[in-house]
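Secondary and tertiary structure notes
So the chains spell out like this:
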Amino acid sequence: MTAPPRPLDLTDPSIDVVELTRRVCDTPSVSGDETALADAVEAALRAPGAFEVTRDGDAVVARTTLGRAERVLLAGHLDTVPLTDPPNLPVRREQHPVDGDVLVGRGTCDMKGGVGVQLALARRVAAAGAANRRDVTFVFYDHEEVEAARNGLGRLARNAPHLLAADFAVLLEPSSAVVEGGCNGTLRAEVTTTGKAAHSARPWRGRNAIHDAAPVLARLAAYEPREVDVEGLVFREALNAVLVSGGVATNVIPDRCVVTVNYRFAPSIDAAAAEAHVREVFDGFDVRVTDAADGARPGLHLPAAADFVARTGTTPLPKYGWTDVARFSALGVPAVNYGPGDNATAHADDERCRTAELEQCLDVLSGWLLEEDS
């Protein structure tokens, strides 16, 4: 029988950021099953009595209301992709030959390391009380690892956009404790070929739709993705086949084949322009866009972003994947990605996060928010 999760006690200073992260990870919360973790996070944030706490489904928002001239927002998602078989929980703390002291297990990188940092930071903000020079909003949300329509941050933006109002936002997605500006947009489309069914013993009576998809794959193989400079960061694009489906039986000539493609496009263009480009690449074929999301420009020239980048002491990089900074961008809130964990281990069976990065991100964010000396 699985032991109940240990509480996320923000009132106990002996529970450091590493232990908080371990406890967050050991509360399983695969997308759609975040309630237990959301309950624990809500209880932890209510305990200090320093925040106005709001619950929306399995999203939790905690805000200081000090009346400061500037508000910053820190966000992270509670859910993970499914566990391995056997489950890669509970989390293990071990010495990795390259990464040193690490937490290993589902969510340590993507992105409960960031959630642990948020909770530890909330404790410091609560302890500072009236000494805080900025108002702070902490957002913990559900359903990030599934389709965009279920995303908890998107739901908050629809239900209570005032809770997401801020002058600047930091999304604690894994970035190896380096600022990653903006993000690529993403588009998925189905490229369909249509043939004529026939018995495979008499193929001349039909037309093979899978064979007809060969030019689609040839165009993808020959495609040369762009590298686009956007506000000083070079974003790499990508256009790839990610799924191929067709056929109904092993003795039937297939009359339909669908090649699903994914286009990751630089934030210099929007989803409409990305769709036009994909249709141009596959001119002559039936193309149906199934999902698209704009990217986000870096915005690192803005004063709040520049101040934060200076505090981190890092050289910003572009974010090639899509993240929820794009949602903040759409709301008019400049945002960056900055969090513990190497994204290369996200979703892997040996997913892991360096404990030194948990501590580094906590200290950098604390120093920035509370204006402590570096």
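Computed from a prediction, not measured in an experiment: that's the story for all the values here.

About the cut-offs
- Residues numbered from 1 in each chain as written.
- Predicted model: local features only at pLDDT ≥ 70, side-chain atom pairs only at ≥ 80, totals over all residues.
- Heavy atoms only, no water.
- 1 Å grid on protein atoms, 1.4 Å probe; cavity = no way out; pocket = protein on both sides within 12 Å on 5 of 7 lines; lining within 4 Å.
- Points joined across faces, edges and corners; volume = space filled by probe spheres on them.
- Helix = DSSP H or I, 4+ residues; strand = E, 2+ residues; numbered from the N terminus.
- Nonpolar A, V, L, I, M, F, W, Y, C, P; charged D, E, K, R; others polar.
- Pairing = 2+ DSSP bridges.
- Contact = heavy atoms within 4.5 Å.
- Axes fitted to C-alpha atoms, helices over the stretch in contact; angles between N-to-C directions.
- Polar contact = N/O pair within 3.5 Å; in protein donor to acceptor, adjacent residues only side chain to side chain.
- Parallel < 35°, antiparallel > 145°, perpendicular 65-115°, else oblique.
- Left-handed = near helix turned anticlockwise from the far one by under 90°.
- Disulfide = S-S within 2.5 Å.
- Buried < 20%, exposed > 50% of the residue type's maximum accessible area, 1.4 Å probe, protein only.

1. A few points about the layout of surface pockets
Taken as a whole, the largest pocket holds about 690 Å³ of empty space. Forming the boundary of the largest pocket are 30 residues, of which E144, E145, R264, W322 and T323 lie nearest the centre. If you list the elements that add at least two residues to the lining of the largest pocket, you get β9 (185-194) and β16 (286-293). Here the element with the most residues in the lining of the largest pocket is β16; it accounts for three residues. For the lining of the largest pocket, the class distribution of residues is nine nonpolar, nine polar and 12 charged.

2. Quick look at the sheet that holds strand β8 (residues 180-181)
In space, the eight strands of this open sheet follow the order β1-β2-β6-β3-β7-β18-β8-β17, with mixed pairing throughout. Across the chains shown, the open sheet's two edge strands, defined by having one partner strand only, are β1 (52-56) and β17 (317-318). Of the strand pairs in this sheet, strand β3 (residues 71-77) and strand β6 (residues 135-141) are connected by seven bridges, and their pairing is parallel. Within β6, the residue paired with H77 across the bridge is Y141. Packed onto the sheet, helix α2 (residues 35-46) meets β1, β2 (59-63) and β6 and runs at close to 165° relative to β1.

3. Quick look at the environment of D101
Mapping D101 onto the fold places it in strand β5 (residues 100-104). Distance from D101 to T355, taken between C-alpha atoms, is 6.0 Å for residues 254 residues apart in sequence. For D101, the side chain forms a polar contact with the side chain of R93, separated by 2.7 Å. At 2.7 Å, the side chain of D101 forms a polar contact with the side chain of T355.

4. Concerning the sheet that holds strand β19 (residues 352-354)
Strands sit in the order β4-β5-β19 across an open sheet of three strands; the sheet is antiparallel. Each edge of the sheet is formed by a strand with only one pairing partner; in this case those strands are β4 (92-96) and β19. With strand direction ignored, the average angle separating the axes of adjacent strands in the sheet is 35°. The sheet contact formed by β4 and β5 spans five bridges and is antiparallel. When the sheet's bridge partners are listed, H96 is paired in β5 with G100. Sheet strands in contact with helix α10 (residues 355-370) are β4, β5 and β19, and its direction is about 60° off that of β19.

5. Comments concerning the packing of helix α8 (residues 303-312) against α10
Interhelical geometry of α8 versus α10 gives an angle of 135° and a closest axis separation of 9 Å. Here α8 lies oblique to α10, going by the angle between them. Relative to α10, α8 is oriented so that their crossing is right-handed. Here D307, F308, R311 and T312 of α8 lie close against α10, whose contacting residues are V364, L365, G367 and W368. Tallied by class, the residues present in the contact of α8 with α10 amount to four nonpolar, two polar and two charged.

6. Describing the state of the cysteines
Taken as a whole and assessed by the stated rule, the structure comprises zero disulfides. Free of any disulfide, C109 has its nearest neighbouring cysteine sulfur in C353, separated by 6.4 Å. Of the residues examined, C109 reaches a relative accessible area of 0% and is grouped as buried.

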